[in-house]
Each structure stands twice: as structure tokens, then as C-alpha cells.
Amino acid sequence: MNKKTFYYELKHVDKNSGARYGILHTPHGDYETPMFMPVGTLASVKTLSPEELYEMGSQIILANTYHLHLRPGEDIVAKGGGVQKFMNYKGAMLTDSGGFQVFSLAKKRGISEEGVTFKSHLNGDKIFFSPEKVIEIEQKIGADIAMSFDECIPYPATYQYVKDSTLRTLRWAKRGKDVHTRQDQALFGIVQGGEYEELRKYCAQELVKMDFDGYAIGGTSIGEPKDVCYKMIDYAIKYLPSDKPRYLMGVGSLDYILIGIEKGIDMMDCVLPTRIARHGTLMTHKGRINIKNSKFKEDFTPLDEECNCYTCKNYTKAYLRHLYVADEAFGKRLLSIHNVHFLLEITKKAREAIKEDRFNEFKEEVLKKYGDERGF
RNA sequence: GGAGGGGUAGCGAAGAGGCUAAACGCGGUUGACUGUAAAUCAAUUCCUUCGGGUUCGGCAGUUCGAAUCUGCCCCCCUCCA
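What you are looking at is a predicted structure, and each value in this text was computed from that prediction instead of being measured.

**Some thoughts on the sheet that holds strand 8 (residues 116-119)**
Then step 1. Pairing is antiparallel in the open sheet, where three strands are placed in the order 7-8-9. Two strands in the sheet have a free side with no partner beyond their single neighbour: strand 7 (109-111) and strand 9 (126-129). Each adjacent strand pair in this sheet contributes to an overall mean axis angle of 15°, direction not counted.
Then step 2. Taken together, the three bridges between strand 7 and strand 8 define a ladder with antiparallel strand orientation. Its bridge partner lying in strand 8, Arg109 is registered against Phe118.

Rendered as C-alpha cells:
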């Protein structure tokens, strides 16, 4: 790895918590952490243009290896100049490996030591992903950060299952790393281990020995209780080196984000803001609202009085509700803009708070005002 | 004037003697969603003090039992004069 193109620079640790402020240097720019990364599975953050995303402060966004492999295929993405150029995103990108699809497409796949066989969710084609194959695809897609191929273990799972799976994920991590050659792309390892302390610890320690460019905590936010998720973070994070970025995978509700940051997480991604926006739910400074509710029929105020996103500056709840009810695509876009902006702004404010050693107060204040204990 | 067809819950539309407070769709209301098989999915939608009560254009019948059968009446549509 060429340290000139990708490295993490820890700038400041909050004096009263584990929260860290840092700079992530990537081939496509330098970005501040902690950060929230919107998810654009198919090289598109649904309903949003890459330009408006970037302008509202998104830094790194995700795309997905499995999905891009199926359509349009990594060779086309490569011919298009790599995923950033292909989709015209000015910031940096990260590809998830398809490890989540091992979980989400569980009914359509089989796992062996060699890898995972999927039945394409599009047409039933047989697709085989080995860790080596995934790295080959990710290198062609060309994101700034590639993720190792892992199994995102379901919750709950027995100790034996989690152990076997985690050890296999470790072997896969090594196999992937051995074939990763692209110098302008970082490769992250993923800590699994379920809810078991010794497995999380072992997995983290073994990955660190392999010396990845960053470390993710995976197998989180897949339906486990909140305290279990927090334990999963605690069990792993203390074994991760402070000079490498730590990425909490799949987390996007307000409480998870803030508590993750408090524990020393630098990066988080989630489909939540865009998905729930398309389904009518909005995160605001005063908690969640559902724009479908009839009480907004004649509410001519913005979604969130404290928000300065494009949607809140220009449109009322009554209009947004109308668009939603009328099933107008523009409504879904306006709502997505708001939710993504909301999380980007929260993490931006979190960074400011960390720099001033007042992250705890910041977190408490935001969560108190938000009210909803689920943190949505 | 003649000949047909039809009136079912907010709307559309099944049902043609009991298993029907009545399929299904739309509309309405509410909820879920966390490394996106998700612009998706679920619940609910006559009234109710949850015991029950009142329904299928209206009235009167047949029947142990009627949205379903009979008679009359009222509306709507199509065709012919």
C-alpha cells in the first residue's frame, strides 16, 4: 500500500470519551472522521444525484460488489474509468464485498470453505464468490476502499456456528489480502465473532496481525438488541490500532451513530436514511416523523425547523405529504435529501464537538431532544 | 312504448339459500424498515360500553335459515321504436 494515497491521520481524541477526530486521506480527497457514508448499492444513492450528495457534504459513499458484478459487471465499470468516474462522484468510494448478501440472500446461497455460491436474485444464474474473486472484482470496480469478503453472521447464532464462521472469515481475509495488489486502493478487514467476547477479540487480533488499511466491525445492526450491538463494538474496538480507521458497518440510526462515535468509531454507513425517506419517515432534530400522517395535511411548515437542507429551505410538510400520497418521485427525492443531510450534519457537528472535547454533552443534548429511544 | 342488463361497505367489483360482516382491488388510517432482492412490506378500514348491534336499492313474502328465491315498487344503463 502506498501510504501517500491512503492513510488515516488521528488528529484528536475527545478528553471525556473515546470519540476521535481524524482525517482519512484517499486517492479521491481527504475527508474528516467520524463520518456517515450514504449507501449507493448500484452506484447510485437512490433518488439522489452524486453532485447534490457531494454538495450537501457527503464524503465517502458505498457501492456493492455483488450488485455491480451482476449489473452492469465490473468490466464495464472498469472501462468507465472506475466507479467514481463511472457515476461521476467527486468524493471517495468504498465497495462492500458482498458479505452482507451472504446474510441477506441466505435463502439463495450456500457457503463452503472455498466461498459462497449465490443464485442471482435477478435471474437465478449461479454465481460463485470466493475471497479472491471478490478482491478481483473490487479492484476492477476501483473504489478507494475495498472490503474483505466475509460472512455477515445472522443473529442469533450458536457459539459453534459463530466460531466456525468467524475462523473461516479470517481465512478468507488472508486469502483476499494475498491477492490484493492495487496500490491506489485500501483494503479493510472485517471483525466478526457475533456476540461472543473471545471470538470478537480473537478475530480483531488476528486481523490486526494481517495489517489491513482499516478495520470494520461487522455482523451488527441485523436485528440484534441494542445492548448486544454495543457489546459487539466494545469487544472488538479495544484491539484495533489507533492509527487505522474503524468502520462500524450498517449503522444509521441516530443513537447507534452517536454511541459508535463515542466508542471510537470513525466511519459508518447505512441505507436507513434513504430507505425510510422513500417510505415516508424522516429524522428531525425533534425526533422521527412520518410524512404520511394526516396531521400534516395542512401543515405549511418545514420538516425540521432547525434544518437548512434544500428540502427544508424550500418546501412544506403539506406539500411533501401531497407528493408522497400522490406517489410522485420528486417527493421521495426531497425526503431522501433531508434524511441524508440530517445525518451528515449531525456527524459534522459531532466532529466539531470532539475537537472541543465536548462530545458527551453534544451527544446527550441531541439524543434528549430527539426523544425516540429507538434513535430513528 | 318495446326488449334486454343492472343496483353489494368511501369507490370499483366478486358472491347466486347456511361455512358471509360479506373475496379481491383502489382509496383512507397506522406501523415497520439499519454493510439495499425494499419507491417495499405489514396491520387496520359498518357501529359497538366488545356482550353484541345493524347491513347487500325499498317494501312485503317463501324458508329452520335470504345479499342470494318470489311479488310489487323506485332508480340506472344499452338497444329498438
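Read on for the rest.
**Let's talk about the packing of helix 13 (residues 317-325) against helix 14 (residues 329-355)**
Then step 1. Put simply, helix 13 and helix 14 touch, their axes get as near as 7 Å, and they point 130° apart. The orientation of helix 13 with respect to helix 14, classified from their angle, is oblique. For helix 13 against helix 14, the interelement crossing comes out left-handed. On the side of helix 13, the interface is formed by Tyr319, Leu320, Leu323 and Tyr324, while helix 14 contributes Phe330, Gly331, Leu334 and Leu335.

**Looking at the pattern of salt bridges**
Then step 1. This model, assessed by the stated rule, comprises 26 salt bridges.
Then step 2. Here Lys355 makes a salt bridge to Glu352, at a shortest N to O gap of 3.5 Å. With a gap of three residues between them, Lys355 and Glu352 both fall in helix 14, about one helical turn apart.
Then step 3. The exposure class assigned to Glu352 is partly exposed, which follows from its relative accessible area of 32%.
Then step 4. Within this structure, Glu32, Arg351, Glu352 and Lys355 form a network of salt bridges that share partners.

**Observations regarding the side chain of Thr33**
Then step 1. Mapped onto the fold, Thr33 is located in strand 3 (residues 29-33).
Then step 2. Leaving out residues up to four positions away in the same chain, Thr33 has contacts with Tyr8, Arg20, Tyr21, Gly22, Ile23, Leu24, Asp266 and Arg351.

**Here we look at empty space enclosed by the protein**
Then step 1. On inspection of all chains with the given rule, the structure shows one cavity of 30 Å³ or more.
Then step 2. The computed volume of the largest cavity comes to approximately 70 Å³.
Then step 3. In this structure, the largest cavity is lined by 13 residues; those nearest its centre are Pro154, Tyr155, Gly194, Glu195 and Met232.
Then step 4. Here the residues of the lining of the largest cavity are counted per class, giving eight nonpolar, three polar and two charged.

**Structural notes on the packing of aromatic side chains**
Then step 1. Taken as a whole and assessed by the stated rule, the structure comprises 16 aromatic pairs.
Then step 2. With a centroid separation of 5.1 Å and 80° between ring planes, the pair formed by Tyr159 and Tyr196 is classed as edge-to-face. Taken together, the positions of Tyr159 in helix 7 (residues 159-179) and Tyr196 in the loop between strand 11 (186-191) and helix 8 (197-210) put the pair 37 residues apart, joining distant regions of the chain.
Then step 3. The partly exposed category is assigned to Tyr159, whose relative accessible area is 31%.
Then step 4. Here Tyr196 falls in the buried class, since its relative accessible area comes to 19%.
Then step 5. With centroids separated by 6.3 Å and ring planes inclined at 80°, the aromatic side chains of Phe212 and Tyr215 adopt a geometry described as edge-to-face. As far as burial versus exposure is concerned, Phe212 and Tyr215 are alike and both buried.
Then step 6. The structure contains a cluster of three or more aromatic residues connected by ring pairs, namely Tyr66, Phe118, Phe129, Phe149 and Trp172.
Then step 7. Just above the ring of Phe212 sits the side chain of Lys177; from NZ or CZ to the centre is 5.8 Å.
Then step 8. It is Lys332 that lies over the ring of Tyr324; its NZ or CZ is 5.0 Å from the centre.

Here is what the cut-offs are and how they apply
Residues numbered from 1 in each chain as written. Chains lettered and ligands numbered in written order. Predicted model: local features only at pLDDT ≥ 70, side-chain atom pairs only at ≥ 80, totals over all residues. Heavy atoms only, no water. Pairing = 2+ DSSP bridges. Helix = DSSP H or I, 4+ residues; strand = E, 2+ residues; numbered from the N terminus. Axes fitted to C-alpha atoms, helices over the stretch in contact; angles between N-to-C directions. Parallel < 35°, antiparallel > 145°, perpendicular 65-115°, else oblique. Left-handed = near helix turned anticlockwise from the far one by under 90°. Contact = heavy atoms within 4.5 Å. Salt bridge = Lys/Arg side-chain N within 4 Å of Asp/Glu carboxyl O. Buried < 20%, exposed > 50% of the residue type's maximum accessible area, 1.4 Å probe, protein only. 1 Å grid on protein atoms, 1.4 Å probe; cavity = no way out; pocket = protein on both sides within 12 Å on 5 of 7 lines; lining within 4 Å. Points joined across faces, edges and corners; volume = space filled by probe spheres on them. Nonpolar A, V, L, I, M, F, W, Y, C, P; charged D, E, K, R; others polar. Phe/Tyr/Trp six-rings, centres within 6.5 Å; stacked < 30°, edge-to-face > 60°. Lys NZ or Arg CZ within 6 Å of the ring centre and 35° of its normal.

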